[in-house]
Amino acid sequence: MERAAQQAVPLGQMEVFQALQRLHMTIFSQSVSPCGKFLAAGNNYGQIAIFRYPCPCSPLSMSSGTWPSGGLMPPSSDTQAPLPFPFSLSAALSSEAKEESKKPMVTFHAHDGPVYSMVSTDRHLLSAGDGEVKAWLWAEILKKGCKELWRRQPPYRTSLEVPEINALLLVPKENLLILAGGDCQLHAMDLETGTFMWALRGHTDYIHCLALRERSPEVLSGGEDGAVRLWDLRTAKEVQTVEVYKHEECSRPHNGRWIGCLATDSDWMVCGGGPALTLWHLRSSTPTTVFPMRAPQKHVTFYQDLILSAGQGRCVNQWQLSGELKAQVPGSSPGLLSLSLNQQPAAPECKVLTAAGNSCRVDVFTNLGYRAFSLSF
Amino acid sequence: MPRLAERSEGDGTFPLCPTLFGITSPIGSSDLTGGAGLGSPLSGYGDSHSERFCFLRGAAGPLLPQRSVTWGTVGWERTSLEVRHKTGAEQKGMELHEAQAEMVEGDGKGKGDDGEKVSLQPRALSICLKLLGGLFLSDYDKRFYSKDNEGSWFRSLFVHKVDPRKDAHSTLLSKKETSNLYKIQFHNVKPECLDAYNSLTEAVLPKLHLDEDYPCSLVGNWNTWYGEQDQAVHLWRFSGGYPALMDCMNKLKSNKEYLEFRKERSQMLLSRRNQLLLEFSFWNEPQPRAGPNIYELRTYKLKPGTMIEWGNNWARAIKYRQENQEAVGGFFSQIGELYVVHHLWAYKDLQSREETRNAAWRKRGWDENVYYTESSKKRKPKVIRSDGAPAEGKRTRSDTEQEGKYYSEEAEVDLRDPGRDYELYKYTCQELQRLMAEIQDLKSRGGKDAAVEIEDRRIQSCVHFMTLKKLNRLAHIRLKKGRDQTHEAKQKVDAYHLQLQNLLYEVMHLQKEITKCLEFKSKHEEIDLVSLEEFYKEAPPDISKAEVTMGDPHQQTLARLDWELEQRKRLAEKYRECLSNKEKILKEIEVKKEYLSSLQPRLNSIMQASLPVQEYLFMPFDQAHKQYETARHLPPPLYVLFVQATAYGQACAHRKSSQPPRQDKMLSVAIEGSVDEAKALFKPPEDSQDDESDSDAEEEQTTKRRRPTLGVQLDDKRKEMLKRHPLSVLLDLKCKDDSVLHLTFYYLMNLNIMTVKAKVTTATELITPISAGDLLSPDSVLSCLYPGDHGKKTPNPANQYQFDKVGILTLRDYVLDLGHPYLWVQKLGGLHFPKEQPQHTVITDHSLSASHMETTMKLLKTRVQSRLALHKQFASLEHGIVPVTSDCHYLFPAKVVSRLVKWVTIAHEDYMELHFTKDVVEAGLAGDTNLYYMALVERGTAKLQAAVVLNPGYSSIPPIFQLCLNWKGEKTNNNDDNIRAMESEVNVCCKELCGPRPGHQLLTNQLQRLCVLLDVYLETESHDDSVEGPKEFPQEKMCLRLFRGPSRIKPFKYNHPQGFFSHR
């Protein structure tokens, strides 16, 4: 919609190329900076753009907010704040709402292939895509230095094709980075030394997503093969396997069996993809709630007592744990691939939800009610 | 003579001065001077009483019998005395009684005889009695006699007043018509006979006076002293009027003595003259008085009709002349010379006369009256007469002042006090009442006495009635007077007012004249004169005249004007000289021009002669020269273009100088059009502009006037505005394959822009595919040579205003006729216009043109070639064949199952309406200058629609594909990531599809790839395990992995030598 204004401008060769690139851009990954004020986004051309969260000037009252305060799970410590999203909508929309503020402050070319996944440590931004993981210093990025700190490649078996890395997961307690992707293995990298310590094999197809159970050091992984596997980090063994497509409640054979997204909270796990989005009780390995969403979901996350999910289609879906669709908030992209919730305690004022997908735009939701505006490559 | 001597003795100084009338002089003489001197009473009386009568009857009047005056006089005086005694001493206020008192005093020894006295008395009494009898005899009221005024008023009562209209003036003025009649005689005596005359008259006339039979008395005899000499004057009184006169005349006729006298007298006379006179009512009756006196007779001839007025004035004036009893009598003529008034005055001597008269002038009122009488008198001869004592013809006449004024009530009104009149009125009324009462009383008593008493009372009543009548008249007169005065005053005021108005008007007129004078402006003030200093410095002294003009600004201005005139004359002279000089020079120029024009034919012939030599030497200088000559008439932008294009063409030719340059010129330049027209256009550029503006104005007018022709006129106007320059530049651009791009550049004079028309000719005949209709059309072939340069808008921002004026919305509608005003065309012509977006300004002209020439020419060539390529490709695409050249085979696998089944052109609007093209439209990539096509690729049941946007900048700008797959539902980039990936593969990764330069195979390669992608998509589609039966599209392609990444993208990338597909 925002492009429509440029229709009258005659385009030269370069402009046409740029327009085409933007037209076919997909943003695969997002990561919030440790200070909580910046958002990194990676696209299919291997570029990473750093956006500044539009700085809220006055906290917005969330009285109309849709964040429930009670629910299945006890609220975490940082959700005690009375204003979970004190982001200033008015500031973002009025004085700060210029086009420049919605453009990335820095864009740099990080990878040759798409940037499928990014995570932030307290100092670094780690990005991965085409088989390599690269580390960038946030401090330098913000100074627009943009030089990679290091790069590591997991030990792959030789192949015609370099396998991609679809998911990165930080295990802060162990200071580990877990990588998973095209070679169907989970690689654990010691962030201290940069050495790959072990690999977990079990998936028969490439891995889409990872999730960490914080209480017991266990990692969940979901893959193209349709299985969610639970790994114990201490023993480096597979603990449990949930083959989602085998459960009739959630199986959707025409969409395939792949698990595209995964999230966990204590004994609960939600996963979706080819099969329907389903809430699982891990200990009993039974699906408790199947959420009635036809389109395959590509990202899911717990938020307080809600489940947020996104996938094919323009909307961010908000689910009650009971399976009720609480709300569908439309975004600007035809399909969403990632959601990012800025929960950094360092910047409580920038507590917003961002969603990105099959477009060059990152939609910003200052509360769950509607899309405030979009950041754009 | 002895009497004369006596008199001189007695008078001392005036020997010839007669004393007075006979009456007074004896008294006076006896009284004053020693009467002894005048001893004989005869002589004494004779002196003053010598009377001469002349009767009217006949020229030879008989001598009248003389009578002694003395007697008569004495007797009369005695009568008066008696009266006086009766009335008492208080009566002295009255003239009459004064005179009588004098007479009584001085007449103690009078020897008058009683007979005379008696005869006179009744006459006198009869007068008195007739009017005053009752008053005098019975009742003497003090009031009547207390003052002079009263007396005169009282006397006026006796004047009979009648209505002035019915009576003659004489009756108004005289005391009583029946009273005294006077006759005055003037006898001019021979000078030698004067004494004899005197003695003769003295002898005769007093007898008549004394004779009782004759009812006449001689008032006085005089000889003239000053005035007409040798004249004797006699004044007779006839008591009883005309009957008395006639009686007297009759008696005298028979009087022998008198006849004798006349006979004797006639021998002494030269001439005679007489008049009958009446007495003025207000004047004293002549009385005898003491002598010696001199008398003055003043005679006035009045204008006819002024007698009344005269009388009125003198009635007032006479009171001022009473002090010395100088007034003797006033008379006016009744028969004889008419309108004559005689006043008789008596003075002691000339000195006293002088004093008395002066005293009169000092009194207020005298002068006024005298003044008023001036108008009525004709002349006023002054005669001083003295008594003609010697009978010898020496006529002495005492002059009497004749300030004649007769009585009138109008005059009297002024003298009376209205208050007193009122009291009198009251008194009279009382008296009347009393009388009436008495009469009634008497009548009631009856008796004999009563009749007499009643008669008496009646007379008294009559008197009172008279008084009332008088008062009534006075009141009327007062009223009338008041009115007259008011009227007079009003007249005066009016006159003054008129005068004032006249004066004011005059003042105004004068003021106007003054302003006119002040406002007068002379012509010279408008002339800008040389300054004063300059004038004195430059002007010759005979004009400036400094000594005169320095002080006098008027003279100075005149002098300056003179100088100005002088200078102007001089300048005019100079101007004439210059004109003649100019004529001369013009003639010289003419001569030289003729010489120069005679050179031209000669030069031409030389040129002609040189042509064969040029050809022989293969040096077409002349041809080039001609072209350059023509180029001179090009408008500046076309000229720039021409020069630059020629230069560029030559440069290109030299670059590839291997072959003969002229034969295979890549770029050839020519000029088309009529040079003459251009010349005509060029010569009067101002005129044409003027016409332009004029027609503008006219048009505006006519649009207002005539509606119907508006459209026509606007059309004309538009044509005029869009007019091309008659010359155009033709550019032929040859490509390698011998196709030629013909460009014709025009210049729109009024819009100041250049346009171009393009035409492409190919070496071989082309089969024109339907979908390629627009590719080589002159309209679009050059569109967007530079990005955004559609050539449909005028690049000159000023044009928009011109268009508004004539109702052109955009130039777009006229582009087909005029050619396209591409920006690059302007730049080639060196025209630079500011863009809508700010940018650095480029210096125009040759440098601009030159900087654009090469790139533009290259672009033009590329454009033509790519268009030609497309043209060819479309021909096969329409037949479902995607032509892939051999050098592009490596891009595709050998086996491609999907087939292109349709290739059609679609309209822009249709494209916009497609549901799957929204993103492109929103991205601003679907402008209306682009060409739009729809391709359909099929494989089995799967149909892939591809909407193609072909940018005019193809092939430098790639075509854009939007896909829609109809297979197991409709799939677009919105709901299928792989479709999106396929679009990306075609659109974004187009560089690898360009093939060898110049990349004309891009479109076909993209189509071919689309077919491949469809194969991959279909073959790698994960088949549903639940669906029975074989897969529709078995996987034939070699793939490393089927899906990759979070989006689960299929392996669309073809790896050439190995022949497998992988992910990008």
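Bear in mind the structure is a predicted one, so any value in this text is a computation, not a measurement.

A. A look at the overall build of chain A. Looking only at helices and strands, one finds 3 helices and 28 strands in chain A. Relative to its full complement of 377 residues, chain A shows a buried share of 61%. Within chain A, contacts between residues separated by at least 24 positions form 50% of all contacts whose residues are at least 6 apart in sequence. For chain A, the computed accessible surface area is about 15,000 Å², with 51% contributed by carbon and sulfur atoms.

B. Local environment of the confidence of the model for chain A. Residues and elements named next belong to chain A. Averaged over every residue, the pLDDT of chain A is 81; the share at 70 or more is 84%. Per-residue pLDDT stays below 50 along residues 1-10; that stretch engages in 13 contacts with residues further than four places along the chain or on separate chains. In the model, residues 57-96 has pLDDT below 50 throughout and makes 84 contacts with residues more than four positions away in sequence or in other chains.

C. Region of interest: the pattern of salt bridges. Residue and element names in this part refer to chain B. Applying the stated rule across the entire model yields 42 salt bridges over all chains. With a shortest N-O distance of 3.1 Å, glutamate 1036 and lysine 895 are connected by a salt bridge. With glutamate 1036 in the loop between α35 (1002-1020) and β20 (1038-1039) and lysine 895 in the loop between α31 (846-877) and β15 (899-906), the pair connects residues that are 141 residues apart, well separated along the chain. Using a relative accessible area of 49% as the deciding quantity, one classes lysine 895 as partly exposed. Salt-bridge contacts for aspartate 1015 lead to arginine 939; the nearest nitrogen and oxygen are separated by 2.8 Å.

D. Examining the sheet that holds strand β14 (residues 753-761) of chain B more closely. Residues and elements named next belong to chain B. Strand order in the open sheet formed by 4 strands is β11-β12-β13-β14, and the pairing between neighbours is antiparallel. The sheet is open, and its two borders are formed by β11 (667-672) and β14, each paired with just one other strand. Geometrically, the sheet is characterised by an average inter-axis angle of 20° between neighbouring strands, direction not taken into account. Bridge analysis of β11 against strand β12 (residues 728-734) gives 6 bridges, and the strand direction is antiparallel. In the sheet register, valine 669 faces β12, and the bridge partner there is leucine 731.

E. Highlighting the interface of chain B and chain A. The interface of chain B with chain A comprises 39 residues on the first partner and 43 residues on the second. Buried area between chain B and chain A, both sides added, is near 3,600 Å², and the carbon and sulfur share of it is 54%. Sorting the residues of chain B by area buried against chain A places Arg980, Arg1044 and Pro1046 of chain B first, and these three jointly supply 19% of that buried surface. One can count 4 salt bridges joining chain B with chain A. Linking chain B to chain A there are 13 residue pairs in polar contact (both at pLDDT 80 or more). Elements with a contribution of two residues or more to the side of chain B that touches chain A: α33 (918-922), β18 (960-966), α34 (977-987) and β22 (1060-1062) of chain B. If you tally residues by element for the side of chain B that touches chain A, the top one is α34 of chain B, at 5 residues. Among the residues making up the side of chain B that touches chain A, the classes are represented as 15 nonpolar, 12 polar and 12 charged.

F. Quick peek at the side chain of asparagine 180 of chain B. Residues and elements named next belong to chain B. For asparagine 180, the position within the fold is in strand β1 (residues 180-189). In this structure the side chain of asparagine 180 is engaged in a polar contact, spanning 3.5 Å, whose partner is the side chain of serine 239. Here asparagine 180 is in contact with Arg237, Phe238, Ser239, Gly240, Leu278, Glu279 and Glu285, once residues within four sequence places are set aside.

G. Structural view of the pairing of strand β20 (residues 286-290) of chain A. Residues and elements named next belong to chain A. Judged from the 4 bridges that link them, strand β19 (residues 278-281) and β20 form a sheet pairing that is antiparallel. In the sheet register, leucine 279 faces β20, and the bridge partner there is threonine 289. In this antiparallel pair of consecutive strands, β19 and β20, the connection spans 4 residues, and serine 285 shows a positive phi of 55°.

H. Representation of the nonpolar core in the model. All names here are of chain B. Counting 102 residues, the largest nonpolar core has Phe745, Leu782, Trp824, Trp903 and Leu1003 as its most contacted members. With 11 residues, the top contributor of residues to this core is α35. Once residues within four sequence positions are removed from consideration, leucine 782 is found in contact with Leu741, Leu743, Val756, Ala758, Tyr822, Trp824, Leu860 and Arg863.

I. Region of the structure containing the packing of aromatic side chains. Under the criterion given, the structure shown has 21 aromatic pairs over all chains. Taking the centre distance of 5.7 Å and the plane angle of 40° together, the rings of tyrosine 258 of chain B and phenylalanine 261 of chain B count as tilted. Highlighted residues: tyrosine 258 of chain B and phenylalanine 261 of chain B, both in helix α12 (residues 256-268), separated by 3 residues, approximately one helical turn. A single burial state applies to tyrosine 258 of chain B and to phenylalanine 261 of chain B, both of which are buried. A centroid spacing of 5.6 Å and a plane angle of 10° characterise the contact between tyrosine 822 of chain B and tryptophan 824 of chain B, whose relative ring orientation is stacked. We note that tyrosine 822 of chain B, like tryptophan 824 of chain B, is buried. Positioned over the ring face of phenylalanine 17 of chain A is lysine 991 of chain B, at 5.0 Å from the centre of the ring. Between the NZ or CZ atom of arginine 1041 of chain B and the centre of the ring of tyrosine 206 of chain A, over which it lies, the distance is 4.7 Å.

J. Just the side chain of serine 33 of chain A, in detail. All names here are of chain A. With respect to the helices and strands, the residue serine 33 is situated in the loop between β1 (27-32) and β2 (38-43). Since its relative accessible area comes to 1%, serine 33 is described here as buried. Ignoring any residue separated from it by four or fewer positions in sequence, one finds serine 33 in contact with Phe38, Ser120, Trp138 and Gln344.

K. Broad picture of the sheet that holds β1 of chain A. All names here are of chain A. Pairing in this open sheet of 4 strands is antiparallel, and the strands run β1-β2-β3-β4 from one edge to the other. The open sheet has two free edges, formed respectively by β1 and β4 (106-109), since each of these has just one partner strand. Recorded for the sheet is a direction-independent mean angle of 20° between the axes of neighbouring strands. Judged from the 5 bridges that link them, β2 and strand β3 (residues 47-52) form a sheet pairing that is antiparallel. Bridge pairing in β3 places alanine 40 opposite isoleucine 50.

L. Main features of the environment of tyrosine 303 of chain A. All names here are of chain A. Checked against the element boundaries, tyrosine 303 lands in strand β21 (residues 297-303). As for tyrosine 303 and aspartate 265, which are separated by 38 residues in sequence, their C-alpha atoms are 9.8 Å apart. A polar contact is formed between the side chain of tyrosine 303 and the side chain of glutamine 304, at a distance of 3.4 Å.

M. Fine view of the pairing of β1 of chain B. Residues and elements named next belong to chain B. Summarising burial for β1: 10 of the 10 residues are buried, a large majority. Residues Asn180, Tyr182, Ile184, Phe186 and Asn188 of β1 are buried on one face, and the alternating residues Leu181, Lys183, Gln185, His187 and Val189, pointing to the opposite face, are buried as well. Pairing of β1 with strand β3 (residues 231-239), which is carried by 9 bridges, proceeds in the antiparallel orientation. Its bridge partner lying in β3, asparagine 180 is registered against serine 239. In the sheet, β1 pairs with strand β4 (residues 269-279) via 8 bridges, with the strands oriented antiparallel.

N. Seen up close, the environment of leucine 532 of chain B. Residues and elements named next belong to chain B. Assignment of secondary structure puts leucine 532 in helix α19 (residues 532-538). Leucine 532 sits in the partly exposed class, given a relative accessible area of 30%. With 25 residues separating them in the primary sequence, leucine 532 and threonine 557 have C-alpha atoms 9.7 Å apart. Contact partners of leucine 532, with chain neighbours within four places excluded, come to Gln556 and Arg560.

O. Spatial organisation of helix α10 (residues 194-210) of chain B. Over its 17 residues, α10 of chain B extends 24 Å from the first C-alpha to the last, a length consistent with the 24 Å expected when each residue adds 1.5 Å. Within α10 of chain B, the axis deviates most sharply at glutamate 202 of chain B, by approximately 30°, and proline proline 206 of chain B lies no more than four positions further along.

P. Structural view of a nonpolar patch on the surface. Taken together, Leu510, Ile514 and Leu518 of chain B make up a surface patch of nonpolar side chains, about 320 Å² in accessible area. One can find leucine 510 of chain B in helix α18 (residues 448-519).

The rules we used
- Numbering of residues starts from 1 in every chain and runs along the sequence as written.
- As they are written, the chains are lettered A onward and the ligands numbered 1 onward, keeping that order.
- The predicted nature of this model means local features are confined to residues of pLDDT at least 70 and side-chain atom pairs, given and counted, to a pLDDT of 80 or more, with totals for whole chains, interfaces and linings taken over all residues.
- Side-chain descriptors were evaluated using all non-hydrogen atoms of the structure, hydrogens and water having been removed beforehand.
- Secondary structure elements are defined from DSSP: runs of H or I of at least 4 residues count as helices, runs of E of at least 2 residues count as strands, and each element is numbered from the N terminus.
- Relative accessibility under 20% of the residue-type maximum defines a buried residue, over 50% an exposed one, and the middle range a partly exposed one, all with a 1.4 Å probe and only protein chains included.
- Residues are treated as being in contact if the distance between any of their heavy atoms lies within 4.5 Å.
- The Shrake-Rupley method, run with a 1.4 Å probe, gives the accessible areas here. Residue values count only the displayed protein chains as cover.
- How sure the predictor is of each residue is captured by pLDDT, a score from 0 to 100.
- Any Lys or Arg side-chain nitrogen found within 4 Å of a carboxyl oxygen on Asp or Glu counts as a salt bridge.
- Strand pairing requires that DSSP identify at least two bridges connecting the strands.
- What counts as an axis is a line fitted to C-alpha atoms, over the stretch in contact for a helix, and the angles between N-to-C directions run from 0 to 180 degrees.
- Buried area: the accessible area, evaluated with a 1.4 Å probe, that two parts lose upon being put together, summed over both parts.
- Between N or O atoms, a polar contact is any pair within 3.5 Å; within protein, one atom must be a potential hydrogen donor and the other a potential acceptor, and residues adjacent in sequence are included only when both atoms are from side chains.
- As a working rule, the residues Ala, Val, Leu, Ile, Met, Phe, Trp, Tyr, Cys and Pro are called nonpolar, Asp, Glu, Lys and Arg charged, and the rest polar, with Gly in that last group.
- We call a set of buried residues a nonpolar core when its members are Ala, Val, Leu, Ile, Met, Phe, Trp, Tyr or Cys and they connect through side-chain atoms within 4.5 Å of each other.
- Two aromatic rings from Phe, Tyr or Trp, using only the six-membered ring of Trp, form a pair when their centres are within 6.5 Å; if the ring planes differ by under 30 degrees the pair is stacked, by over 60 it is edge-to-face, and anything between is tilted.
- By definition here, charges over rings are those cases where NZ of Lys or CZ of Arg is within 6 Å of the ring centre and within 35 degrees of the ring normal.
- In a helix, the anticipated span is given by 1.5 Å times the number of residues less one.
- What is called the bend at a residue is the angle between a pair of axes, fitted to the seven residues leading up to and ending at it and to the seven starting from it.
- A residue counts toward a patch only above 30% relative accessible area and without a salt bridge, and it is joined to like-charged neighbours within 9 Å or, for Val, Leu, Ile, Met, Phe, Trp and Tyr, to nonpolar neighbours within 5 Å.

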